[in-house]
Structures are given as structure tokens and as C-alpha cells.
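The lines below spell out each chain.
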Amino acid sequence: MENVPAFVRDLDPIVFAIPIFVVAVFAEMIYARTRGGARFDPRDTASSLMMGLGNTVSGILFAGLLTAWFMFVYDHRFFTIGFAWWIWILAFVLDDFVYYWSHRLAHTVRWFWADHVVHHSSQHYNLTTALRQPWLSPLTLKFMWLGSAMVLLGFHPLMVGFLGALNLIYQFWIHTEVIKRCPPWFEAVMNTPSHHRVHHATNPLYLDRNYAGVFIIWDKLFGTYQPELDAERCRYGIVTNLGTNNPIKISMHEWFAIISDMRRARSLRDAMMYLLAPPGWSPDGSRSTSKQIRARWAKRSGSVAPTKPDSEPTTDSAAAPQSAAE
């Protein structure tokens, strides 16, 4: 296979990371029981683990299709980039840039949110939340365009897959409440537990912020950064919390909701908007998108969201919605 390094062909980083994940989860559980600082619910944890297992099975089932597609794209690449050491650094940064936009679309286009909402469905935030992953991701077809961007440029599919796995492994450790803050220099550049807690939070101040995978600099560059404030504790969940730990319902609830909304739509335009508009969109305004929730909060509070960790929050906490946009 055209000069592909052996470790790229033979090594699956996630397989090697699984034992570390298991040890870390148990360590966090022990810490939570003995010291506090993290919250677990046995049923929620079991659901997250089941979602992670289902995601793994899904990956195996769709592996042939995805491999065939990416090799097809690579056969029509613009350039042949190779595997020089500096290419790996460039590719890692570029992969994280692509991840930022892919993740941002997953929050702003309901078709993609139907898949990604699984990851946000827990009202707890611990290392098992990182494993709460969707089962039907390939069916969104996002891999056919945004997922293929680097391959089309000329990065080998195995390199892209390897770096994507490293990106996901990095994101595992940031799903915790045990680690409060990292050193300032690290917080300034890298995604951290503090930054990612904001992303999972449903407080109006925090809605749809901090999409980063590894480098928080993307959010700072593109106007989606919000630091965590000590006085504004994160609340986790979604607009209408599911009230169930059933993995099937967790996996499928938003897909069924889209189908129901589209069937009741009064026009083709409304049907397509239910599919492609931001989560929470409705033709009569009876629901709220994250942008609308934030706008109402800003109007009530009479100020712009604070952007410094030591700022006093301006949220009207009593009146604020309890979770993110539908």
C-alpha cells in the first residue's frame, strides 16, 4: 500500500486507548465516591456505556462502506501529500479545523443534530459521557463531503483516520468535573474540561459555545468562545430532557421527531426547514432555537455575555431555560 507507514496500517489508536479509558472511568468513580467532585448515576452510566458499545458495533458494520468511499475519493485527489513528519503536524491541525466546522454544523443543522444529540443527552458530566456516542452517524452522509475534504486534498485516508482517532482520544479526558482548571497557558490554546463543560451546558450564557476538539483557538477565532464562570454552574441536558435511559430511545428520538414534524408540515418549505434549519426551529415560532434563547436571555439581562472567567455572571438564573434548544 503506497509507502504507508506500517504503524498507520496496523495500529488502531482507539483499541490501545480502551484500557486507559476503563482505568480512568473507574478512577473517576472512586474519586467521586471518596472525594466528591464528580457525579454518577448508575442507570445513566449504563446507558452511556451501551451507547459507546453500539457506536463501536456500528463502526464495524459501516467500515466497508466508509473505506470504499474514502479510497474512491483518494483516487480522485487533487495532490499526493505523503507522510513527511511535518505533514503529520499540518494534518493534525487541519483535521481539528475540519472537526470544528463539522461539530458546529452538528449543532446548527437539525439533520446532523439528530445524530449528535445523543452525545448531549445525559444530564451528568463524567468520563462515561465521552463514550455516549450515536449509532447511525454514517446515515447523515456527512462523511461524503466534509469528512472527505482532507482526503480529496491528498492526505491518505489511513492518515486521516489515524489522526481522527487521536482527536477523539484527546477529547475523552475533557469530559469530567474533577479537573477544574488547567494552567492558563494551556487553557489559552487547548480544549480543556472547563471549556468543554461550557459546550455541554444548557445555561443560556453557554449555549452553542466551544465547539473545539483539541484547539480552543478555533472558537476564539470564529466568535464561539465562552469561558466557564465560577458563579454560573453548568447545567447539562437538552431542551426537553428525555426522561429515559433506554438506549434505543436515546439513539432514535430525534430522528422520529424530525419525521413527525415533516409529516405535519404544511408546505415543502416547512418540511425542509424542519430538516435543515437549526434545532428548535418551527414555522410559527412556538419553539426556540439556541440563538433565540440566548437573545431572550440577553434582553432580560440587559448586557452582553461576559467573556472573562472572573467576570460576574449576568444571567437571570431564575428565569433562564433549563436546557439547550431542541
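Owing to the predicted nature of the structure, the values given are computational and were not obtained by experimental measurement. Per-chain numbering applies: the sequence of each chain, read as written, is numbered from 1 onward. Only residues with pLDDT of at least 70 are given local features in this predicted model, and only at 80 or more are side-chain atom pairs given and counted; all residues enter the totals for whole chains, interfaces and linings. Remark: hydrogens and water are excluded; side-chain values derive from all non-hydrogen atoms of the structure.

## Structural notes on the packing of aromatic side chains
- Pairs were defined over the aromatic rings of Phe, Tyr and Trp, the Trp ring being its six-membered one, requiring ring centres within 6.5 Å. Orientation was assigned from the angle between planes: stacked under 30 degrees, edge-to-face over 60, tilted for the rest. A full pass over the atoms with the stated rule returns 22 aromatic pairs.
- Consider the rings of Phe97 and Trp218, whose centres lie 5.2 Å apart with planes at 70°: the pair is edge-to-face. With Phe97 in helix H4 (residues 85–108) and Trp218 in helix H11 (residues 217–221), this residue pair connects regions lying 121 residues apart in the sequence.
- A relative accessible area of 28% means that Phe97 is categorised as partly exposed.
- Judged by centre distance (5.1 Å) and plane angle (15°), the rings of Tyr125 and Tyr236 are stacked. In this pair, Tyr125 sits in the loop between helix H5 (110–120) and helix H6 (127–130) while Tyr236 sits in the loop between H11 and helix H12 (247–264), placing the two residues 111 residues apart along the sequence. Both residues of the pair, Tyr125 and Tyr236, belong to the buried class.
- By way of ring pairs, the aromatic residues Phe97, Tyr100, Trp101, Tyr211, Trp218 and Phe222 are connected into one cluster.
- Two limits define a charge over a ring: the Lys NZ or Arg CZ must be within 6 Å of the ring centre, and within 35 degrees of the ring normal. For Lys220, the ring lying beneath its charged end belongs to Tyr225, and the centroid distance is 5.0 Å. Comment: elements are numbered from the N terminus, with helices defined as DSSP H or I runs of at least four residues and strands as E runs of at least two. Burial here depends on accessible area, computed with a 1.4 Å probe over protein chains only, as a share of the maximum for the residue type. Under 20% is buried, over 50% is exposed, and the range in between is partly exposed.

## Quick notes on the environment of Val15
- Checked against the element boundaries, Val15 lands in helix H2 (residues 13–35).
- Considering only alpha carbons, one finds Val15 and Ala165, 150 residues apart in sequence, at a separation of 9.8 Å.

## Quick word on unusual backbone geometry
- Phi angles above zero are rare outside glycine, and Leu141 is one such case at about 65°.
- Within the secondary structure layout, Leu141 lies in the loop between H6 and helix H7 (149–153).
- Even without being glycine, Asn210 reaches a positive phi, approximately 60°.
- Within the secondary structure, Asn210 sits in the loop between helix H10 (193–200) and H11.

## Considerations on the state of the cysteines
- Defined by distance alone, a disulfide is two cysteine sulfur atoms within 2.5 Å. Tallied over the full model, the rule gives zero disulfides.
- Considering cysteine sulfurs only, Cys234 is the nearest to Cys182, which forms no disulfide, with 15 Å between them.
- Residue Cys234 is classed as buried on the basis of its relative accessible area of 7%.

## Comments concerning the confidence of the model for the chain
- pLDDT expresses how confident the predictor is about each individual residue, on a scale running from 0 to 100. Averaged over the chain, the pLDDT score is 90; the fraction of residues at 70 or greater is 92%.
- Pairs of residues are marked as contacts when any of their non-hydrogen atoms sit within 4.5 Å. Across residues 310–326, confidence stays below pLDDT 50; counting only partners more than four residues off in sequence or on other chains, it has 55 contacts.

## Considering the nonpolar core
- Among the nonpolar cores identified, the biggest contains 19 residues, and Trp88, Ala91, Met150, Val151, Phe155 and Met159 are the most heavily contacted of them.
- Apart from the residues within four sequence positions on either side, Val151 is in contact with Phe70, Val73, Tyr74, Arg77, Pro157 and Val160.
- Here, nonpolar core refers to any group of buried Ala, Val, Leu, Ile, Met, Phe, Trp, Tyr and Cys residues whose side-chain atoms link them within 4.5 Å. Phe186, Met190, Val214 and Trp218 belong to the second largest nonpolar core, which has 10 residues in total.

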